[in-house]
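Structural features, examined
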Amino acid sequence: MPIQTSIQNILLRPFAIILFPFQRLLTFFRRTTLLGLFLSGRPNPILPISEPPAHNMVGVKKKIAIMTSGGDSPGMNGVVRACVRMAIHMGCDAYCVYEGYEGLVRGGDFIRKMEWHDVRGWLSEGGTLIGTARCMAFYERPGRLTAAKNMILNGIDALIICGGDGSLTGADRFRAEWPSLLEELVSTNQLTADQIQPYKHLNIVGLVGSIDNDLSGTDATIGCYSALARVCYAVDLIEATAYSHSRAFVIEVMGRHCGWLALMAGVATGADFIFIPEKPREDNWREEMSAIIKQHRDEGKRKTIVIIAEGALDKEGRKITPEMVRDLLADKNGLALDTRITTLGHVQRGGTAVAYDRMLATLQGVEAVKAVLEATPETKTCFIAITENKIVRKPLMEAVQDTKQVAAAIEVKDFEKAMSLRDAEFSETYKSFMMTTLVKLDKELLLPEKERMRIGFINVGAPAGGMNAAVRAGVAYCLSRGHEPIAIHNGFAGFARHHGDKPLGAVREFNWLEVDGWASKGGSEIGTNRELPEESGMETIANLIEQYKFDALFLIGGFEAFHAVAQLRKAREQYPSLCIPMTLLPATISNNVPGTEYSLGSDTCLNELVDYCDKIKQSASATRRRVFVIETQGGRSGYVATLGGLGVGASAVYTPEEGLSLEMLAADVRHIKEVFAHDKGQSRAGRLILINEKASKVYNAKLIADILRDEAHGRFESREGIPGHMQQGGTPSPMDRSRAVRLAIKCIQHLEHYGRNVHNKVKVDPMSATVIGIKGASVVFTPVKKLEDEETDWPNRRPKAAFWLGMKEIVDILSGRPRYSLPEPDLTGVKAKDVKRGIAEAD
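Residues numbered from 1 in each chain as written. Predicted model: local features only at pLDDT ≥ 70, side-chain atom pairs only at ≥ 80, totals over all residues. Heavy atoms only, no water.

1. Quick word on the pattern of salt bridges
Enumeration according to the criterion identifies 50 salt bridges in this entry. Glu102 serves as the salt-bridge partner of Arg106, at 4.0 Å between the closest nitrogen and oxygen. One end of the pair is Arg106 and the other is Glu102, both in helix H5 (residues 100–106) and 4 residues apart, which spans about a single turn. Owing to a relative accessible area of 52%, Arg106 belongs among the exposed residues under this scheme. (Salt bridge = Lys/Arg side-chain N within 4 Å of Asp/Glu carboxyl O. Helix = DSSP H or I, 4+ residues; strand = E, 2+ residues; numbered from the N terminus. Buried < 20%, exposed > 50% of the residue type's maximum accessible area, 1.4 Å probe, protein only.)

Written out as structure tokens, the structure reads:
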């Protein structure tokens with residue numbers, strides 16, 4: 001199948017993903033942009049323009065205002081950038097309202113028209129550059145009347161607001177009052193009937209910017225993962241001094257009615273105990289905490305970390321304070337621990353947005369512009385959410401009411417209802433935390449002796465962030481259930497050639513005291529190796545599995561690990577000892593394992609790449625006119641380059657899926673030259689181009705940089721940058737850590753389901769060799785055989801369907817990249833030979 005047809009088929013599928021799932025956006029792009037020209041099969045002319053063409057949908061330019069309100073959160077600037085540029089791209093005028101509702105009331109210079117270049121560089125800025133402020137005047141009708149007048153005077157009747165539930169509730173009320181406000185403006189002679197005539201209806205769309213992740217109806221709010229990153233970074237630092245002095249620390253995090261930050265931080269850092277508003281301890285919390293921490297100390301732990309949300313309560317609804325927890329831990333007649341309190345406070349809000357929040361802010365901003373333009377007077381006020389990995393529109397006030405129900409349930413001590421109102425991941429994550437902190441404590445979890453298994457843990461492929469957290473969680477579950485977890489060090493190579501080494505062989509039991517400290521460690525503490533079982537010797541591997549009496553295998557790794565499971569599965573006919581259940585937890589920065597939309601390590605990689613590019617871009621901007629061409633890892637998958645490009649605002653992204661041609665490169669060189677030719681000398685004039693390491697056999701980062709430098713003729717500079725293995729990351733991201741815990745426990749539960757001595761059952765059960773994956777909002781196990789036969793592009797070592805491919809179009813639109821023609825598909829085999837000889841025609 002020609003590559004163009006293949007990509008068309010991929011693009012036309014319904015995307016069950018975060019990045020391009022909404023069919024209406026695809027339809028719009030078909031009408032308006034290069035994607036439409038591409039899909040329709042018409043040629044793509046190269047337009048030498050420095051900014052995108054305007055697409056006027058309504059004849060007269062519509063004016064859209066963007067505003068941030070309430071508490072600031074990382075990613076708000078990404079929202080503003082996406083809204084401004086998408087509005088301009090769609091033929092509208094974009095305005096920013098500075099200082100939130102205060103600016104709307106005061107008007108004048110607080111409402112400013114924005115140009116394309118005004119939001120350059122905003123992705124890497126923290127907080128909100130257009131400001132936010134409390135506005136008491138807007139609480140009263142006269143204030144809202146003035147705000148309506150200011151909007152009319154500026155010709156604005158479409159408003160996009162990024163803020164918390166309070167800000168969005170105020171916006172909905174403003175919209176409901178809009179007709180009566182206009183009538184009052186006319187009746188009081190502040191405006192004429194002719195002035196208000198074009199603006200009879202106000203359209204409002206909300207985006208949720210909140211570090212607490214506390215709005216119902218969306219799986220994540222803009223800024224929550226950035227705040228979680230700050231919390232985990234702080235806890236990681238505190239752990240070092242806690243260990244040094246054998247101290248206990250009580251760390252207070254934000255969350256009055258939502259314990260998401262405390263819960264996720266507790267899981268990601270391996271805390272000893274957490275307090276969240278939704279789930280007070282069933283029994284006496286003092287006795288329970290003391291018992292757990294005493295057990296941990298008796299096992300030899302030198303540090304104790306307790307994380308408490310600011311809204312923590314006991315089962316009677318009484319507030320639990322950090323001081324109460326400290327006093328209990330320091331009680332001379334009890335644990336007698338040297339205990340300190342650290343309140344993180346507003347440091348949780350600060351700093352730049354992590355890669356996930358930049359992506360979320362950008363995609364939701366794009367959808368918000370569409371939504372506000374498509375809204376009718378009958379359309380309910382909506383907000384943009386991410387649900388089941390899809391960007392969707394939802395009724396605003398229903399979500400606000402559901403959110404208030406959580407607080408109300410907590411207030412009346414109906415904590416079961418409060419937990420049920422949170423999403424499934426919240427509840428599962430809480431159970432995962434309890435499983436890892438109650439290791440060897442809850443005897444009721446132990447299985448009967450005959451049901452206990454001996455499970456081998458092995459990492460295969462390159463290291464990825466979250467591997468150690470997954471191993472730790474799997475070991476914790478095994479020990480809690482009475483299973484025997486066994487480490488196989490250094491992959492199949494270590495297993496085959498060093499299993500019997502003295503004094504320490506590659507196959508040995510885990511030491512829980514050591515493993516318990518792996519929650520935040522990068523790399524792979526049990527080692528990893530790319531060697532496959534067939535390379536090590538399948539007969540050797542089969543004999544060793546029998547020798548060490550493994551009842552199941554738990555593999556963690558990337559495409560090599562997937563290939564390893566496929567080889568082991570196929571060899572079962574020949575080697576009966578391989579008829580044991582085995583499952584793979586994908587862990588690779590390339591995110592190229594079939595059967596999942598997410599792999600451990602991919603989020604860590606994107607954070608590292610975004611951080612690297614931010615620094616590079618700062619250098620490029622400081623010298624005013626410089627382009628950096630950055631080479632990303634990812635093998636034959638362009639996932640890292642594409643999502644990295646979205647997170648840093650790259651001018652162009654080159655991927656293996658799309659390819660790279662001389663014509664594409666020429667178009668981008670002309671575009672860069674045009675940009676710098678019209679540059680007014682702004683300080684944010686640096687440019688980035690991202691190229692996947694295997695996007696082209698000829699054009700690499702250095703060659704592209706050299707071409708740009710030569711074509712610049714002294715008018716601008718170009719350099720190449722290769723972050724290399726730095727992209728594999730140091731400390732894993734909180735997302736990778738917390739998901740590692742949840743997914744690893746599910747993997748062991750899946751293996752546990754089979755039990756021991758089930759060779760005959762395993763041989764005929766396709767679910768006995770599986771890949772665990774996240775698809776939409778569901779965690780699913782998919783048979784490896786199904787993935788081998790139907791979903792794997794073996795020559796390119798990636799899934800057949802590149803589910804994130806649509807995001808590249810958004811990268812191009814928001815960077816102002818001109819249209820370009822796709823590379824011609826390669827001819828192969830006999831057809832190529834005949835065309836070269838002139839005895840056949842190329843398609």
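Still more ground to cover, so stick around.
2. Overview of the confidence of the model for the protein chain
Across the protein chain, pLDDT averages 89, with 92% of residues at or above 70. Between residues 1–58, whose pLDDT stays under 50, and residues either more than four places distant or in other chains, the model counts 146 contacts. (pLDDT = per-residue confidence, 0-100. Contact = heavy atoms within 4.5 Å.)

3. Focus: the sheet that holds strand S11 (residues 390–395)
Here we have 7 strands laid out as an open sheet, ordered S3-S2-S1-S4-S5-S10-S11, and mixed in their pairing. The open sheet has two free edges, formed respectively by strand S3 (111–114) and S11, since each of these has just one partner strand. When strand polarity is set aside, the average angle formed by the axes of neighbouring strands in this sheet is 30°. Against the sheet, helix H4 (residues 76–89) touches strand S1 (63–68), strand S2 (93–97), S3, strand S4 (158–163) and strand S5 (203–208), its axis set at about 180° to S1. The sheet contacts of helix H13 (residues 355–374) involve S1, S4, S5, strand S10 (382–387) and S11, and relative to S10 the element is tilted by about 140°. (Pairing = 2+ DSSP bridges. Axes fitted to C-alpha atoms, helices over the stretch in contact; angles between N-to-C directions.)

4. Focus: the side chain of Arg626
Locating Arg626 in the fold gives a position in strand S17 (residues 626–632). Put simply, Arg626 is tucked away with no salt bridge, and the nearest opposite charge, on Glu717, sits 4.8 Å away. Those residues within four positions of Arg626 in sequence are excluded, and the remaining contacts are Ser619, Ala620, Phe676, Gly686, Arg687, Glu717 and Arg719. (Lys, Arg positive; Asp, Glu negative; His and termini not counted.)

5. Quick word on the packing of H13 against helix H30 (residues 807–815)
Packing of H13 against H30 leaves a shortest axis separation of 12 Å and a crossing angle of 80°. Overall, the two elements H13 and H30 adopt an arrangement that is roughly perpendicular. On H30, the residues touching Met359, Thr362, Leu363 and Val366 of H13 are Met807, Ile810 and Leu814. Looking at the contact of H13 with H30, its residues break down into 6 nonpolar, 1 polar and no charged. (Parallel < 35°, antiparallel > 145°, perpendicular 65-115°, else oblique. Nonpolar A, V, L, I, M, F, W, Y, C, P; charged D, E, K, R; others polar.)

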